[in-house]
Amino acid sequence: VASLKSRILQTISEAVKPTTAAELRQRLQLKQAVFARLVPLSQRSLATLESGTPPTEVVARRLVELQRLTDALSDVMREETLGTWLQTPNDAFDGLKPVEVIDRGESDRLWEMIYFLRSGIPS
């Protein structure tokens, strides 16, 4: 069981390597406090992670999820606008900011929006 867990952790860590936590946070243009809530981690733990400490299995999975969401959002909007968009209240999310939607564990709402934008189907 331990060897399987370490192999899973290694696989997840390798999936995250192309984009470290610091690179992902920079790509999303978020301050540490906001990004830490999305992972979720304390700001201190995020700083440790950004300094090169390998992520735990749970954190690695979350980073992979955020990386996938970021890649998908970049397909439907200009990447340089991601940070502003994520932190702006949005009527499509009942006035919540997209970061708040993610923080609440409702990122499926963003995936639904991405689906409609990619497909051209009016929502």
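Residues numbered from 1 in each chain as written. Predicted model: local features only at pLDDT ≥ 70, side-chain atom pairs only at ≥ 80, totals over all residues. Heavy atoms only, no water.

**Points about the pattern of salt bridges**
It is possible for side chains of opposite charge to pair when their charged atoms get near one another. Scanning the entire structure with this criterion turns up 10 salt bridges. Glu65 is paired through a salt bridge with Arg62; the nearest N and O atoms lie 3.2 Å apart. You can see Glu65 and its partner Arg62 sitting in helix H5 (residues 57–76), 3 residues apart, about one turn around the helix. Given the relative accessible area of 41%, Glu65 is considered partly exposed. Taking relative accessible area as the criterion, Arg62 reaches 17% and is therefore assigned buried. Here Glu106 makes a salt bridge to Arg109, at a shortest N to O gap of 2.9 Å. Residue Glu106 is classed as partly exposed on the basis of its relative accessible area, which comes to 25%. (Salt bridge = Lys/Arg side-chain N within 4 Å of Asp/Glu carboxyl O. Helix = DSSP H or I, 4+ residues; strand = E, 2+ residues; numbered from the N terminus. Buried < 20%, exposed > 50% of the residue type's maximum accessible area, 1.4 Å probe, protein only.)

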